[in-house]
Amino acid sequence: FTVIMSDPSRRRLLIVLIFMGFLYVYWANKASLAASEAVPPTIDSPLGCPEGVEFTVAEVLQHTKCQFVDGEFDLWLVIDGNVHNVNNWAMYHPGGGIICSGAGIDVTDIFKKYHQEWVFKEALPKWCIGKLKEGELMPPKA
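For clarity, every value in this text was computed on a predicted model and none was experimentally measured.

Analysis parameters
- Residues numbered from 1 in each chain as written.
- Predicted model: local features only at pLDDT ≥ 70, side-chain atom pairs only at ≥ 80, totals over all residues.
- Heavy atoms only, no water.
- Pairing = 2+ DSSP bridges.
- Helix = DSSP H or I, 4+ residues; strand = E, 2+ residues; numbered from the N terminus.
- Salt bridge = Lys/Arg side-chain N within 4 Å of Asp/Glu carboxyl O.
- Buried < 20%, exposed > 50% of the residue type's maximum accessible area, 1.4 Å probe, protein only.
- Disulfide = S-S within 2.5 Å.

1. Quick word on the sheet that holds strand 3 (residues 72-79)
Moving on, step 1. Ordered by their spatial adjacency, five strands build an open sheet running 1-5-4-3-2, and the pairing between neighbours is mixed. With one partner strand each, in any of the chains shown, strand 1 (54-55) and strand 2 (64-67) form the two edges of the open sheet.

Below, the structure written as structure tokens:
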């Protein structure tokens, strides 16, 4: 530690790394709070989705706005036939703008590939607003 502190360039690097660590902790805490404040489930169903609420593909496609520049989001994602309103979470998504690539398509496979099981159990129920109308299919990924 003494060697690092005696060299000015290493000392600056250490300060920058410590600062980045604090920023990461702040960001992670803020993202965690945003996730907990996202749209809560309205009924205790297995996935937290309200019973009897269905959306057509056309209705889901009206909610594909995802602009990180102005922070404007109107983003619904379809995962396992359930419709999720992720407006409150999109800005804090750890993968950044990649969440926007799910706009207007069924993201089930992508979601399962990149998310751990706890996300399915804890996060998705908070954002579920209904189901995709039976017989309707989202367009495939382009």
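Read on, since the account is not over.
2. Re the pattern of salt bridges
One side chain can pair with another of opposite charge once the charged atoms of both are near each other.
Moving on, step 1. Enumeration over the complete set of coordinates arrives at two salt bridges.
Moving on, step 2. Here Lys 112 ties to Asp 80 by a salt bridge, and the two come within 3.4 Å at their closest N and O atoms. With a gap of 32 residues between them, Lys 112 in helix 5 (residues 108-114) and Asp 80 in the loop between strand 3 and strand 4 (82-85) connect regions that are remote in the sequence.
Moving on, step 3. Accessibility expressed as a relative area gives 44% for Lys 112, which makes it partly exposed.
Moving on, step 4. By relative accessible area, which is 43% here, Asp 80 ends up partly exposed.
Moving on, step 5. Across the salt bridge formed by Glu 117 and Lys 121, the nearest N and O atoms sit 2.8 Å from each other. With a gap of four residues between them, Glu 117 and Lys 121 both fall in helix 6 (residues 117-127), about one helical turn apart. Neither Glu 117 nor Lys 121 differs from the other in exposure class; each is exposed.

3. Topic: the pairing of strand 5 (residues 128-132)
Moving on, step 1. Across the five residues that make up strand 5, a large majority, four, are buried.
Moving on, step 2. Strand direction decides the pairing type here: strand 1 and strand 5, joined by two bridges, are parallel. Counted as the bridge partner of Glu 54 is Lys 131 from strand 5.

4. Quick look at the state of the cysteines
Here, disulfide denotes a covalent bond that connects the sulfur atoms of two cysteines.
Moving on, step 1. By the definition in use, this model includes two disulfides.
Moving on, step 2. Covalent S-S linkage joins Cys 49 and Cys 128, the inter-sulfur distance amounting to 1.7 Å. Here the disulfide of Cys 49 and Cys 128 is right-handed, its torsion about the S-S bond being about 90°. Residue Cys 49 is located in the loop between helix 2 (8-36) and strand 1, and its partner Cys 128 is located in strand 5; the two are separated by 79 residues in the primary sequence.

So far we have only geometry, and geometry alone does not tell us how the molecule works.
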